[in-house]
Amino acid sequence: MLGRFGWVLLAISVVFAGCSGDQTPQAGRERVTEDTQLETDSDPVVPAALIPLPAETVWGDGHLLLPRDGSELPREVSNEPTDDLEDEEYRLTIDGDGITIVAGGDAGAFYAEQTLDQLVQPADADHPARVPFVSIVDGPRFAWRGFMLDVSRHFFDVDVIKKHIDVLSRYKINRLHLHLTDDQGWRIQIDSWPALTSVGASINLDGEGPGGYFTAQDYAEITDHAAERFITVVPEIDMPGHVNAALASYGELNADGEPTELRGVVPYGQSALSIEAPATSGFIDDVFSEVAAMTPGEFIHIGGDEALSLDQAEYSALTRLAADAVIANHKTPIGWEETVTAGAPQSLIVQYWLDPARAHQAADGGNQVIVSPAKRAYLDMKYDDTTPVGQTWAGLIEVETAYDWDPTDEGLADDQVLGVEAPLWTETIRSSTEIDRMAYPRMLGYAEIGWSPKAQRDFSDYRERLAQHGTRLTDLGIEFHPSPTIDWDQN
Ligand code: TNX
């Protein structure tokens, strides 16, 4: 067997990246030259089950064998800004000379490593651990590839969030939208309005404690962990509707000056901020200035959905106060599709979830659109009628339904779509295991919709690749839903 391996002796320069974001040539860079012996074979290559599919992949003939001493394969990495590669783009070449990565920036270099990780074939009875010869040129179709978790209806702690950051970043997801406030609970510490958490975070949807919230320190731990994996955290403070936790925490936010009752079950659309209450505009300014100060990312989500108890004038005025507060704090506001009716500024990013006409209204008005159609992308929908938790109002979403659609299906042009996001609402989700089962494997499909060229996506091909990600998800600590529609590979 050994005789079939070619031996290559070469000197490899490994160029390590300096501090992330540092674009000064030479600064913070270290050059290491080693003599390395690379072992190869010329076995035919079986295409690896990559998710998301790269933009261009050309398989070679043969493999590079992993060093038997367990050391890493040396690679030549360059992530200097280049003329032809954007920050998230990269080229990855594996051949008899070794591994070469050229990336437009640190994010691209990180994504190249994720692809490389999926290319590694573990040792089996027939061959040692190895990576196939391949040449990949890759970059995302859409800038926004997101996952949303509702931590208001049921609270989930920092460790749960970090686990999903770890897993999703491997699939090149780059946005984590946290739905931090809703009727049932206010889950982010605001120093100038402390009762929002001392009162407003004390229950979950079942109406009982302990509830929970993120301190400023917890939130920093999340944003740091995410940034190290090139994920931007997008905090959502939902208003003017979905605010009972705030109304229960402070009487002065109500027209009659009396706090509401903190309750787990609140009919949709019935709570709202009051334009008449004198405290309202100061509250909005204080909250967004604190959230902006805590948030390293560019975006703040202002909610704006289902404020059914307000008339249009009240809704528009309150929504504009929120959008303006975000802009005053040098962030970009995002709102659910209803905000398109508020006369909000052009810089507002609109998140489509229900009514395609609103997505068109936003795009026609020049607002960028994040596509999250409930009937395709709502992770709280059941897979089939045996799924123990979840809802059905937008339909059943099996793995195929989750995958086999496109953000342009409703007639938006590619350049009107900022990207795709899948929300996991947690009215019925109470445990970390339930998050795992609802989010995976469907999130892998959304990751591919957001990243891979439309022309290359095909469900029957995806289905076979996905089958090989079950053990990978298990190894990452994810209790995914083993959908019976996939022939899961048991290795
Ligand atoms: C609609 S989507 C909502 C949420 C619910 C979800 C349940 C949106 C902007 N509003 O408040 O949790 O449906 O599926």
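See the structure printed just above.
From a predicted model like this one, the values you see are computed outputs, not experimental measurements.

A. Spotlight on the overall build of the protein chain. Counting its regular elements, the protein chain contains 14 helices and 15 strands. The C-alpha atoms of the protein chain give a radius of gyration of 24 Å, which matches the 23 Å a tight globule of 491 residues would have. Along the first, second and third principal axes, the C-alpha set of the protein chain runs to 85 × 55 × 45 Å. In the protein chain, once contacts between residues fewer than 6 apart in sequence are set aside, the share between residues at least 24 apart is 71%. Just so you have it, the protein chain exposes about 19,400 Å², and 50% of that area is on carbon and sulfur atoms. Averaging the positions of the 32 positive and the 83 negative side-chain charges in the protein chain gives two centres separated by 4 Å.

B. The arrangement of unusual backbone geometry in detail. Residues Gly-209 and Pro-210 are joined by a peptide bond in cis, for which omega reads 5°. Structurally, Pro-210 can be placed in the loop between α3 (195-198) and α4 (216-228). Note that the residue after Met-239, namely Pro-240, is joined by a cis bond; omega there is 5°. Residue placement: Pro-240 occurs in the loop between β10 (232-236) and α5 (244-249). One non-glycine residue, His-242, lies in positive phi territory at about 55°. Looking at where His-242 falls in the secondary structure, it is placed in the loop between β10 and α5. A relative accessible area of 2% means that His-242 is categorised as buried. Residue Glu-306 is not a glycine yet carries a positive backbone phi of 50°. Among the structural elements, Glu-306 can be located in the loop between β11 (299-301) and α7 (312-328).

C. Here's a closer look at the pairing of strand β6 (residues 98-103). One ladder, built from four bridges, connects strand β4 (residues 75-78) with β6; its direction is parallel. Its bridge partner being in β6, Arg-75 is matched across the sheet by Ile-99. Both strand β5 (residues 90-95) and β6 contribute to a ladder of six bridges, which runs antiparallel. Looking at β6, one finds that Tyr-90 is bridged to Ala-103. Counted between consecutive antiparallel strands, the loop separating β5 from β6 contains two residues.

D. Representation of the site of the ligand. Taken together, 14 residues surround the ligand, and among them Arg-153, Tyr-378, Asp-380, Trp-393 and Glu-427 come closest. Between the ligand and the protein, one listed contact pairs a nitrogen atom with a side-chain N or O atom of Asp-305 at 2.9 Å. Between Glu-427 and the ligand, the recorded distance is 2.6 Å, taken from a side-chain N or O atom to an oxygen atom. Here the ligand, which alone exposes 360 Å², has 99% of that area covered by the protein.

E. Structural context of a negative patch on the surface. A surface patch of negative charge is lined by Glu-400, Asp-404, Asp-409 and Asp-458. Structurally, the position occupied by Asp-458 is in the loop between α12 (442-451) and α13 (459-467).

F. Quick look at the packing of aromatic side chains. For the structure shown, the criterion picks out 17 aromatic pairs. With a centroid separation of 6.0 Å and 90° between ring planes, the pair formed by Tyr-378 and Trp-393 is classed as edge-to-face. Of this pair, Tyr-378 sits in the loop between α9 (374-377) and α10 (399-403) while Trp-393 sits in the loop between α9 and α10; the two residues are 15 residues apart in sequence, bridging distant segments of the chain. Through a chain of ring-to-ring contacts, three or more aromatic side chains come together here, namely Trp-336, Trp-353, Tyr-378, Trp-393 and Trp-425. Its end group placed over the ring of Trp-144, Arg-175 keeps NZ or CZ at 4.8 Å from the ring centre. The cationic tip of Arg-457 hangs over the ring face of Tyr-403; the distance from NZ or CZ to the ring centre is 5.0 Å.

G. Here's a closer look at the pairing of β10. For β10, the tally of buried residues reaches five of five residues, placing the bulk of the element in the interior. Of the two faces of β10, the one carrying Thr-232, Val-234 and Glu-236 and the one carrying Val-233 and Pro-235 are both buried. Here strand β9 (residues 175-179) runs beside β10; their pairing, made up of five bridges, is parallel. Residue pairing in the sheet places Arg-175 in a bridge with Thr-232 of β10.

H. Structural detail: helix α2 (residues 158-170). In a regular helix each residue adds 1.5 Å, so 13 residues correspond to 18 Å; α2 covers 19 Å between its end C-alpha atoms and thus fits that length. In the segment just after α2, Lys-172 is the residue with positive phi, at about 70°.

I. Examining α4 more closely. If you check α4, its first and last C-alpha atoms are 18 Å apart, about what 13 residues at 1.5 Å a residue would give, namely 18 Å. Those residues of α4 that sit buried are Tyr-219, Ile-222, Thr-223, His-225 and Ala-226. Buried residues in α4, looked at end-on, bunch into an arc of 160°, giving them a common side. For α4, the exposed residues set more than 90 degrees away from the buried face come down to Gln-217 and Glu-228. Against α2, β9, β10 and α6 (280-294) lie the buried residues of α4. Remark: Phe-230 follows α4 within two positions and exhibits a positive phi of approximately 60°.

J. Representation of the packing of α6 against α7. The contact between α6 and α7 brings their axes to 9 Å, and the two run at 35°. Once α6 is placed against α7, the crossing between them reads as right-handed. From α6, Thr-280, Ser-281, Ile-284, Asp-285 and Phe-288 reach across to α7, where they touch Leu-318, Leu-321, Ala-322, Ala-325 and Val-326. Taken together, the residues that form the contact of α6 with α7 break down as seven nonpolar, two polar and one charged.

About the thresholds
Residues numbered from 1 in each chain as written. Predicted model: local features only at pLDDT ≥ 70, side-chain atom pairs only at ≥ 80, totals over all residues. Heavy atoms only, no water. Helix = DSSP H or I, 4+ residues; strand = E, 2+ residues; numbered from the N terminus. Rg over C-alpha atoms; globule rule 2.2 N^0.38 Å. Contact = heavy atoms within 4.5 Å. Areas by Shrake-Rupley, 256 points an atom, 1.4 Å probe, with all protein chains shown as cover. Lys, Arg positive; Asp, Glu negative; His and termini not counted. Charge placed at Lys NZ, Arg CZ, Asp CG, Glu CD. Buried < 20%, exposed > 50% of the residue type's maximum accessible area, 1.4 Å probe, protein only. Pairing = 2+ DSSP bridges. Near = heavy atom within 4 Å. Polar contact = N/O pair within 3.5 Å; in protein donor to acceptor, adjacent residues only side chain to side chain. Patch = residues over 30% accessible without salt bridge, like charges linked within 9 Å, V, L, I, M, F, W, Y side chains within 5 Å. Salt bridge = Lys/Arg side-chain N within 4 Å of Asp/Glu carboxyl O. Phe/Tyr/Trp six-rings, centres within 6.5 Å; stacked < 30°, edge-to-face > 60°. Lys NZ or Arg CZ within 6 Å of the ring centre and 35° of its normal. Expected span 1.5 Å × (residues − 1). Arc of directions from axis to C-beta. Axes fitted to C-alpha atoms, helices over the stretch in contact; angles between N-to-C directions. Left-handed = near helix turned anticlockwise from the far one by under 90°. Nonpolar A, V, L, I, M, F, W, Y, C, P; charged D, E, K, R; others polar.

Remember, this is a structural readout, not a statement about activity or role.
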